[in-house]
Amino acid sequence: MAKGMIISFEGTDGSGKTTQIKALSRYLEEKGYMPAILREPGGTRIGEEIRSILLNSDNTEMASLTEMLLYASSRAQMMEEKVEPLLKEGKIVILDRFFDSSLAYQAYGRDLNFDAVLSINLAAVKNIVPKITFFIDITPEQSLKRRQNATATDRLENEDMSFHYKVYEGYKKLLEKFPERIIRIDGTKEAREITNEITSYVDNVLKEDIR
Ligand SMILES: Nc1ncnc2c1ncn2[C@@H]1O[C@H](COP(=O)(O)OP(=O)(O)O)[C@@H](O)[C@H]1O
Ligand SMILES: [Mg+2]
């Protein structure tokens, strides 16, 4: 049996990650694989507790470093408890966001030191990196439009957009840094067309893996 592997999906909210993950999972099932889909914190009890600190809107004083470390902690727990056992069973693990999200949101978005965020996250995942990462590329404006009918924006929303742009530009820098792992997918195409593109990349990876 082929070795287990991680396939991760990245991109801004509304870029189509969940849509494509479902389609890829269906495709793999038809081919006889039993992929596992996980989204952080991956259903771990400790991860859920960490996540509740991150999501608690009372925690307004949370430092960016604290936020980054908490995400990395939740990720470490999911790796050990869920992902590693699945990989050992030879499963394909599809991740809806992974450490690239911390690089885009915490390093580029919140201006934390890139090398620090990278090395902390690599330690958290014990250097187990995805075989392939799909970055579904739609701009923050397209993303906003997709989720709601964009109307006049207020000051806060503008601030929000500038953060989302930093994250988006961050993803593009990640493409340059990790060209052999991260694949850019044009997220403005029709969902079905995107699925075909993704499944053909995955087919190639699976072929490689059998050899
Ligand atoms: N290729 C596409 N073109 C247009 N709309 C899409 C496409 N893919 C997904 N959508 C729609 O965009 C919205 C967000 O998609 P979703 O898969 O939930 O994104 P994400 O998981 O990245 O937030 C949904 O309403 C979905 O139906
Ligand atoms: Mg989603």
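Residues numbered from 1 in each chain as written. Chains lettered and ligands numbered in written order. Predicted model: local features only at pLDDT ≥ 70, side-chain atom pairs only at ≥ 80, totals over all residues. Heavy atoms only, no water.

Caption draft 1: Summary view of the side chain of Ser143. Looking at where Ser143 falls in the secondary structure, it is placed in helix 6 (residues 140–147). For Ser143, the residues in contact, after removing those within four places along its chain, are Thr12, Asp13 and Ile138. (Helix = DSSP H or I, 4+ residues; strand = E, 2+ residues; numbered from the N terminus. Contact = heavy atoms within 4.5 Å.)

Caption draft 2: Layout of the side chain of Arg97. Within the fold, Arg97 resides in the loop between strand 3 (92–96) and helix 4 (99–109). For Arg97, a relative accessible area of 17% gives the class buried. There is a polar contact of 3.0 Å between the side chain of Arg97 and the backbone oxygen of Gly11. Discounting residues that sit within four places of it in the chain, Arg97 has contacts with Phe9, Glu10, Gly11, Thr12, Asp13, Lys17, Glu40, Tyr105 and Tyr171. (Buried < 20%, exposed > 50% of the residue type's maximum accessible area, 1.4 Å probe, protein only. Polar contact = N/O pair within 3.5 Å; in protein donor to acceptor, adjacent residues only side chain to side chain.)

Caption draft 3: Expanded view of the packing of aromatic side chains. The final tally for this structure, using the stated rule, is eight aromatic pairs. A centroid spacing of 6.3 Å and a plane angle of 85° characterise the contact between Tyr105 and Tyr171, whose relative ring orientation is edge-to-face. Of the two residues, Tyr105 sits in helix 4 while Tyr171 sits in helix 7 (residues 155–177), which places them 66 residues apart along the sequence. In this structure, Tyr105 and Tyr171 share a single accessibility class: buried. Taken together, a centroid distance of 6.2 Å and an interplanar angle of 90° make the contact between Tyr165 and Tyr168 edge-to-face. Here the residue Tyr165 and the residue Tyr168 both occupy positions in helix 7, the gap between them amounting to three residues, near one helical turn. Taking relative accessible area as the criterion, Tyr165 reaches 27% and is therefore assigned partly exposed. With relative accessibility at 5%, the residue Tyr168 sits in the buried group. (Phe/Tyr/Trp six-rings, centres within 6.5 Å; stacked < 30°, edge-to-face > 60°.)

Structural measurements only, silent on function.
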